[in-house]
Amino acid sequence: MHVAHGRGSLPVDPWSVREPTLDLAGLGRTESLFALSNGHIGLRGNLDEGEPHHTQGTYLSGFFEHHPLPYPEGGYGYPESGQTMVNVTNGKLIRLLVDDEPFDVRYGTVLRHERVLDMREGTLQRWVDWVSPAGRAVRVKSTRLVSFAHRAVAAIAYTVEAEQEVRIILQSELVANEAPPEVDSDDPRVAEALDNPLVAVGQDVEQHGSVLLHRTAHSGLHLAAGMDHDIECSRQYDVENEVRQDWARTTVVTILRPGDKLRVVKYLGYGWSRTRSDPALRDQVAAALTGAKYSGWDMLRRAQRDYLDEFWRAADIEIDGDPVLQQALRFSAFQVLQAGARTEGRAIGAKGLTGTGYNGHTFWDVEGFVVPVLTLTAPDAAAHALRWRASTLDRARERARTLGLAGATFPWRTIDGDETSAYWPAGTAAFHINADITRAFELYRWATGDDGLERSVGLDVLVETARLWISLGHHDAAGRWHVDGVTGPDEYTAVVDDNVFTNLMAAANLNAAVGACTRQRRAARLLGVGEAEIARWRRAARSVHVPFDAKLQVHPACANFTRYAEWDFEATVGRYPLMLHAPYVQLYRKQVVKQADLVLAMVWRTDAFTAEQKARNLDYYERRTVRDSSLSASPQAIVAAEVGHLDLAHDYLHEAALVDLHDLQQNTAHGLHIASLAGAWTAAVSGLGGLREDGDAVRLAPALPGPVRRMAFGLRWRGALLRVEVTHEQVRLWLPDQPGASVPVLLYGEEVKVTDEPVEHPVRVPEPLLPRPPQPLGRAPRPAAIAIDHPA
């Protein structure tokens, strides 16, 4: 029997994620792992027949409903309503009846059940051999895709083959208000607002399909979802269509003899808008379905493969000697693409479109971790993400005014640009999000060489965030510039003065604004930027205060951090994450770090630290960082590699990449950790590859840990594809697609001109200044060697 009731292992394969036996107890995890998305449409990896399931999920980027935000105590400036991603009309459902018995894996006998996420084809495939309780045997094969080439389209090819004469009834459905989203609130008003969130406004039925029109009750968003079908059968068949307010069904009935097949290709179309009329949305979806049927299943699959072939040319990281990491890095890149490929005016959520974790909100880690990966692999997708953020600038300006600040304050968590978090210490006080966003704009300009995005929308963002920092910071009597009362990436050290990460990122934001206004002088003048304001930005950036403990020879994460009491790690062994076992009054005043903060500063502001400072800082903070956030492992991997601890970098790289494949935090069922997966790609390229941004050049310093014999990767750099291949002996660089072109690269600090003819250079392995540092008791990363030897 191919149905298990315990956690199943997933075999290691370089280009796929395969579930050889259905694991009923692990449905939540596999529904997230097998989710398909193009950044606009997200289909959770539910079984075709809909049951059993952990969480039904069909999502559209940016589609949400308002709900009350309950406060034990109110406060000035608190957001008035929350936002939660809505489970929209489910088009995945295909129910099968075999001689009137429903196909359900919990009944009868499952002789085979296998699912494969193919990361080259961009499909989820499923094979089932099933014998009904009455002894009727059928074979079912389904292949599902969410099209990258056709933004509004998904499709499912579903084939039933009979092993003896049987009557087959196949019901293809659209179902709205199927299940409310999971929410992280016990307030009954929240559940009430999200129960049956879709209000029916119209229905259309066609020869082989239907379109359902709905709107949300509170957020005022309009939705259209439609289906159409191509049907092939060895025997005569009948088709019937039915439609109601919240569901539509196309039924195919036939009698199959042994070896006969019924094949139904189901095309799905989705669209939503806040402003367009219902007839316009209906026609948009109808057109998407017409286009999909015109293309046909085979062409949709071919276009999917072509799109991914182009993506993998730059995004693929080849690893020899570590098959576990090889699979995980490709899974990471694939999921980052799925999260951001076709957002086009919508936000990228922290979970992408794979689950309801964080209510579908976007956070700082999207611009911090996800957008940079897209910039180097799929720059058009990165540009769309940045344009969405810029489109919310007016709301950010309004939020700044509410807080009594100048410029613009982007929200800590949001779906449409409005702040939905009123938890000040770990929310609004994390002003660093504004500098994280501007860094993403700067990285895009640096990597693409294109200042068009800056001219169209980026300059406004850079100017308004610079104005925010000037109103937030201040100069002391000695002329040093401080930012007080803020929270950095480490949420266990909240509302502090002179957080090093925040101060350095604010200075970078100010310098970026100076550079942009210098390049775009006329546009800057139209924004009211004069020489006096630019001078204030320069002065603040130049005089930013960066605390340093001369006695310990390390940077405190914030003012006085190294003076705080030490955390008793022996008393909290096995009690992680700490936020669920310790009050914040203890966490906020002790030397314990939730996620890499000062370490992340050494990655994003690498120029602000000496090599010795990086080594000593890492040594100090490794002993105090518990990694209660999935965002921690990747920057720790990067700095560990830079200071010569390649084996530690390898361990952390595994942790970042395997967070979902191995369900390391036991919450993959709520959706994938998209930023951690993006961080894994970055940890490989920036950690083992040594990639850093440096003016007009790419800076590389590759070195590999012992088990990894070879690594090869690509970067999209200013219109060219730069390929890098590293072994323990040498580095090879070349431009495979640019005959006659050349790109300057700083390789181990020496400039080389890279052309289509490979440049070779001996590898330089960094010598560690200090021994490998320990971690808090029980919080060392799982050694990569164990994962390689025991991949399950």
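Located above this text is the structure these notes cover.
Here's a quick rundown of the structure. Model, not experiment: these values are computed from the prediction.

Rules used throughout
Residues numbered from 1 in each chain as written. Predicted model: local features only at pLDDT ≥ 70, side-chain atom pairs only at ≥ 80, totals over all residues. Heavy atoms only, no water. Helix = DSSP H or I, 4+ residues; strand = E, 2+ residues; numbered from the N terminus. Buried < 20%, exposed > 50% of the residue type's maximum accessible area, 1.4 Å probe, protein only. Contact = heavy atoms within 4.5 Å. Lys, Arg positive; Asp, Glu negative; His and termini not counted. Charge placed at Lys NZ, Arg CZ, Asp CG, Glu CD. Phe/Tyr/Trp six-rings, centres within 6.5 Å; stacked < 30°, edge-to-face > 60°. Lys NZ or Arg CZ within 6 Å of the ring centre and 35° of its normal. 1 Å grid on protein atoms, 1.4 Å probe; cavity = no way out; pocket = protein on both sides within 12 Å on 5 of 7 lines; lining within 4 Å. Points joined across faces, edges and corners; volume = space filled by probe spheres on them. Nonpolar A, V, L, I, M, F, W, Y, C, P; charged D, E, K, R; others polar. Polar contact = N/O pair within 3.5 Å; in protein donor to acceptor, adjacent residues only side chain to side chain. Axes fitted to C-alpha atoms, helices over the stretch in contact; angles between N-to-C directions. Parallel < 35°, antiparallel > 145°, perpendicular 65-115°, else oblique. Left-handed = near helix turned anticlockwise from the far one by under 90°. Pairing = 2+ DSSP bridges. Salt bridge = Lys/Arg side-chain N within 4 Å of Asp/Glu carboxyl O. Expected span 1.5 Å × (residues − 1). Arc of directions from axis to C-beta.

Let's shift gears to the overall build of the protein chain. If you tally the helices and strands in the protein chain, you get 19 helices and 34 strands. With respect to the three principal axes, the spread of C-alpha positions in the protein chain is 85 × 60 × 60 Å. Here the protein chain holds 792 residues, and the buried ones make up 62% of them. Taking the intrachain contacts of the protein chain between residues at least 6 apart in sequence as the baseline, contacts between residues at least 24 apart amount to 67%. In the protein chain, the 83 positive side-chain charges and the 102 negative ones have mean positions that sit 3 Å from each other.

All right, on to the packing of aromatic side chains then. One pass over the structure, following the stated rule, counts 16 aromatic pairs. Their ring planes at 80° and their centres at 6.0 Å tell us that Phe 363 and Trp 412 sit as a pair that is edge-to-face. Linking Phe 363 in the loop between α4 (323–340) and α5 (364–377) with Trp 412 in the loop between α7 (393–402) and α8 (432–448), this pair joins segments that are 49 residues apart in sequence. On the basis of relative accessible area, Trp 412 is assigned to the buried category, the value being 8%. Between Phe 501 and Trp 604, the ring centres sit 5.6 Å apart and the planes meet at 50°, which makes this aromatic pair tilted. In this pair, Phe 501 sits in helix α10 (residues 500–519) while Trp 604 sits in helix α14 (residues 598–604), placing the two residues 103 residues apart along the sequence. Of the residues examined, Trp 604 reaches a relative accessible area of 9% and is grouped as buried. In this structure an aromatic cluster arises from ring pairing among Trp 364, Phe 369, Phe 501 and Trp 604. A cation over a ring is seen here: Arg 624 above Tyr 620, with NZ or CZ 3.7 Å from the ring centre.

Take the layout of surface pockets next. Its boundaries defined by the atoms lining it, the second largest pocket holds a volume of some 690 Å³. Elements supplying a minimum of two residues to the lining of the second largest pocket: α8, α10 and β27 (692–694). Split by residue class, the lining of the second largest pocket holds 7 nonpolar, 7 polar and 13 charged.

Within the secondary structure, Lys 614 is located in helix α15 (residues 611–622). Accessibility expressed as a relative area gives 5% for Lys 614, which makes it buried. A distance of 2.7 Å separates a polar atom in the side chain of Lys 614 from a polar atom in the side chain of Glu 642. Look past the residues within four positions of Lys 614 in its chain and what remains in contact with it is Met 602, Thr 606, Phe 609, Val 639, Glu 642 and Val 643.

Viewed as axis vectors pointing N to C, α5 and helix α6 (residues 379–391) meet at an angle of 140°, and their least axial separation amounts to 6 Å. The angle between α5 and α6 places the two elements in the oblique class. Only Pro 379, Ala 381, Ala 382, Ala 385, Leu 386 and Arg 389 of α6 make contact with α5, whose side of the interface consists of Glu 367, Val 371, Leu 374, Thr 375 and Thr 377.

Attention shifts here to empty space enclosed by the protein. Unoccupied space between atoms shows up once a probe the size of one water molecule is rolled over them. Within this structure, the stated rule accounts for 7 cavities of 30 Å³ or more. The calculated volume of the largest cavity comes to roughly 320 Å³. The wall of the largest cavity is formed by 24 residues, among which Pro 372, Arg 439, Thr 682, Ser 686 and Glu 693 lie closest to the centre. Looking at the lining of the largest cavity, the elements with two or more residues in it are α5, α8, α14, α16 (633–642), α18 (674–688) and β27. Considering each element in turn, the lining of the largest cavity owes the most residues, 6 residues, to α5. One number sums up the size of the second largest cavity: a volume of about 100 Å³. What lines the second largest cavity is a set of 16 residues, among which Ser 61, Gly 62, Ala 347, Gly 349 and Gly 360 lie closest to the centre. Among the residues making up the lining of the second largest cavity, the classes are represented as 8 nonpolar, 8 polar and no charged.

With their axes 11 Å apart at the nearest point, helix α3 (residues 278–315) and α4 run at an angle of 125° to one another. The angle between α3 and α4 places the two elements in the oblique class. Considering how the two elements wind past one another, α3 and α4 form a crossing that is right-handed. Seen from α3, the contacting residues are Tyr 307, Leu 308, Phe 311, Trp 312 and Ala 315; seen from α4, they are Arg 330, Ala 333, Phe 334 and Leu 337. When the residues that make up the contact of α3 with α4 are grouped by side-chain class, the tally is 8 nonpolar, no polar and 1 charged.

All right, on to the pairing of strand β15 (residues 166–175) then. Among the 10 residues in β15, 9 count as buried, and that is most of the element. Pairing of strand β9 (residues 94–98) with β15 involves 5 bridges; the strand directions are antiparallel. Among the inter-strand pairings, Ile 94 is bridged to a residue of β15, identified as Ser 172. Relative to strand β20 (residues 247–256), β15 runs antiparallel, the two being bridged by 10 bridges. Of the residues in β20, the one forming a bridge with Leu 170 is Val 252.

Overall, antiparallel pairing links the 5 strands, which are arranged β22-β29-β30-β31-β34 in an open sheet. The open sheet has two free edges, formed respectively by β22 (318–320) and β34 (759–762), since each of these has just one partner strand. Neighbour to neighbour, the strand axes of the sheet diverge by 15° on average, direction disregarded. Here 8 bridges tie strand β29 (residues 710–717) to strand β30 (residues 720–727), and the two strands are oriented antiparallel to one another. Counted as the bridge partner of Met 711 is Val 726 from β30.

We now examine the pattern of salt bridges. Tallying each qualifying case throughout the model produces 65 salt bridges. Glu 31 is the partner of Arg 44 in a salt bridge, and the nearest nitrogen-oxygen pair spans 3.1 Å. On the criterion of sequence distance, the pair formed by Arg 44 in the loop between β5 (41–43) and β6 (58–60) and Glu 31 in helix α1 (residues 27–33) is long-range, its members being 13 residues apart. Judged on exposure class, the residue Arg 44 and its partner Glu 31 are both buried. Shared partners join several salt bridges into a network, and the residues in it are Glu 318, Asp 320, Arg 710, Arg 723, Glu 725, Arg 732 and Glu 760.

Here helix α12 (residues 531–542) is 12 residues long and its end C-alpha atoms lie 16 Å apart, about the 16 Å a rise of 1.5 Å per residue gives. Considered for burial, the residues of α12 that qualify are Glu 533, Ile 534, Trp 537, Ala 540 and Ala 541. End-on view of α12: buried residues confined to an arc of 125°, all on one side of the axis. Projecting away from the buried face of α12 at angles above 90 degrees are the exposed residues Glu 531, Ala 532 and Arg 542. Buried positions along α12 lie against α9 (452–472), β23 (473–475), β24 (481–483) and α10.

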